[in-house]
Amino acid sequence: MNGEQPRDVEPEDTSFVRPFIITGGRAEPLQSDLRLETLVVAVGTPDESLAFERRHIVAVCAQPTTVAEVAHRVGVPLGVAKVLISDLVVAGQLACRQPAELPLQMLERIRDHVRAL
């Protein structure tokens, strides 16, 4: 070998950020009651001091949005979304509520978003 990479090895994607970096190494949300269908909504406007992903989540939640849809729209794994959302709820940036019963259309949307992840 003369310092060349083997042809079947793809170059490393340096734009990818590992999920544990975004969550500060945590895998469990501060709130254990967040489910896929939990609705989250922003309380006010995004705080400019928030990191990129957190600010994006608050912006996405200007209208009530499910946890599953937040993960899809922000482009993070569901577990990462749960950790970030719970942090934002604790910080007073988001409010969440469990719907009493979900309509079939909402369940189908959640299913489609989860499949897209």
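Below, the structure is looked at part by part.

Attention now moves to the overall build of the protein chain. A count of helical and extended segments in the protein chain gives five helices and three strands. Tracing the protein chain from N to C terminus, the helices and strands come up as α-β-α-β-α-α-β-α. Restricting the contact set of the protein chain to residue pairs at least 6 apart, pairs at least 24 apart contribute 74%. Accessible surface, the protein chain as shown: approximately 7700 Å² in total, 53% of it carbon and sulfur.

Turning next to the nonpolar core. Ile57, Cys61, Val70, Ile85 and Leu94 are the most contacted members of the largest nonpolar core, which totals 20 residues. For this core, the element with the highest residue contribution is helix 4 (residues 78-90), accounting for six residues.

Remark on secondary structure: sheet strands pair via backbone hydrogen bonds, oriented parallel or antiparallel. If you trace the three strands from one edge of the open sheet to the other, you get 2-1-3, paired in antiparallel fashion. Only two strands of the sheet have a single neighbouring strand rather than two, namely strand 2 (65-66) and strand 3 (94-97). Bridging between strand 1 (residues 39-42) and strand 3 involves four bridges; their strand directions are antiparallel. The partner of Leu39 across the bridge, within strand 3, is Arg97.

Here strand 1 pairs with strand 2 via two bridges, running antiparallel. Note on strand 2: the bridge partner recorded for Val40 is Thr65.

The description of two helices packed together rests on the angle between their axes and the distance between the axes. One way to put it is that helix 2 (residues 52-60) packs onto helix 4 with a least axis distance of 10 Å and a crossing angle of 75°. With respect to helix 4, the element helix 2 is oriented roughly perpendicular. Of the residues in helix 4, those touching helix 2 at Glu53, Arg54, Ile57 and Val58 are Leu84, Ile85, Asp87 and Leu88. Along the lines of polarity and charge, the residues of the contact of helix 2 with helix 4 split into five nonpolar, no polar and three charged.

The rules behind the values
Throughout this description, residue numbers start from 1 for each chain and increase along the sequence as written. Selection of residues for local features in this predicted model requires a pLDDT of at least 70, selection of side-chain atom pairs for listing and counting requires 80 or more, and totals for whole chains, interfaces and linings are taken over all residues. Values reported for side chains reflect all heavy atoms of the structure, with hydrogen atoms and water molecules removed beforehand. Numbering of helices and strands runs from the N terminus; a helix is a DSSP stretch of H or I covering at least four residues, while a strand is a stretch of E covering at least two. Contacts are residue-level and defined by heavy atoms, with any inter-residue pair within 4.5 Å sufficient. Only the protein chains shown count as cover for residues, and the accessible areas themselves come from Shrake-Rupley with a 1.4 Å probe. Each nonpolar core is a collection of buried residues, namely Ala, Val, Leu, Ile, Met, Phe, Trp, Tyr and Cys, held together in the definition by side-chain atoms within 4.5 Å. Only protein chains enter the accessibility calculation, which uses a 1.4 Å probe. A residue is then buried if its area is under 20% of the maximum for its type, exposed if over 50%, and partly exposed in between. DSSP bridges decide pairing: two strands pair if at least two such bridges lie between them. Angular values range over 0 to 180 degrees, each being the angle between N-to-C directions of two axes fitted as lines to C-alpha atoms, with helices fitted over their stretch in contact. Reported orientations rely on four angle classes, namely roughly parallel under 35 degrees, roughly antiparallel over 145, roughly perpendicular from 65 to 115, and oblique for the rest. Residue polarity is assigned by list, with Asp, Glu, Lys and Arg as charged and Ala, Val, Leu, Ile, Met, Phe, Trp, Tyr, Cys and Pro as nonpolar; anything else, Gly included, falls into the polar class.

Spatial relationships are all this shows, so hold off on functional conclusions.
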